[in-house]
Amino acid sequence: KAYFQAGRMDEAIGQYAEAEKIMSGYAGKTQSPKARRFYEGMLKGIYSDSAQSYAFKRDFVTSVGHYDKAIALDPGDSYLYSNRALSLIGAGNMPGGIKDLEKALSLNPDNLLAANNLSICYIQQGNAGKAKGLLEWILTKDPGLAAARDNLNKLNSVTAGRQQR
């Protein structure tokens, strides 16, 4: 993670690839279900971190592939779907991104970042009503979430401007 935090993505990706080989080897050799779960948990983190590194480099297709591997290991992790959604959208697949954000929320209704990102997608699709309802719902769960409040204020400003014309 030090390379990632230093912005040295190519080196980070190389280190994650090495770590993946090591952990995959351990996971494949162990006879213990408990140890296998441990190694698979480590692999999930490696795949997720690799995906973030590729997304940082704007290689969204490769990023999605790494998120796919992480999700295969833990299909109940809403944050993996939320993060993969951003890479899907970056790769030009808005419908796939929306599907992942909706999946993230179905797995974890408290994933308000996914909800906020989904509201932005709805706005970009021209579905202001759906976005507004979602943003208002977010603010009932966390009135202090500045990103949701800002998005709602911008949306209200834009829709009020359209009504005045």
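Definitions and limits used
- Residues numbered from 1 in each chain as written.
- Predicted model: local features only at pLDDT ≥ 70, side-chain atom pairs only at ≥ 80, totals over all residues.
- Heavy atoms only, no water.
- Core = buried A, V, L, I, M, F, W, Y, C linked by side-chain atoms within 4.5 Å.
- Buried < 20%, exposed > 50% of the residue type's maximum accessible area, 1.4 Å probe, protein only.
- Helix = DSSP H or I, 4+ residues; strand = E, 2+ residues; numbered from the N terminus.
- Contact = heavy atoms within 4.5 Å.
- Phe/Tyr/Trp six-rings, centres within 6.5 Å; stacked < 30°, edge-to-face > 60°.
- Lys NZ or Arg CZ within 6 Å of the ring centre and 35° of its normal.

With respect to the nonpolar core
Counting residues in each nonpolar core, the largest one holds 34 residues, and the members touching the most others are Ile98, Leu101, Leu118, Tyr122, Leu134, Leu135 and Ile138. Residue assignment for this core shows that the elements contributing at least two residues are helix H2 (9–29), helix H3 (33–56), helix H4 (60–73), helix H5 (78–90), helix H6 (94–107), helix H7 (112–124), helix H8 (128–141) and helix H9 (146–164). Per-element tally for this core: the top contributor is H7, with six residues. When near neighbours in sequence (up to four residues on either side) are disregarded, isoleucine 98 contacts Leu118, Cys121, Tyr122 and Gln125.

With respect to the packing of aromatic side chains
Counted by the stated rule, this structure contains three aromatic pairs. Arranged with centres 5.5 Å apart and planes meeting at 70°, the rings of phenylalanine 38 and tyrosine 39 form a pair that is edge-to-face. Every member of this aromatic cluster is reached through a ring pair, and the members are Tyr26, Phe38 and Tyr39. Between lysine 103 and the ring centre of tyrosine 81, over which it is positioned, the NZ or CZ distance is 5.8 Å.

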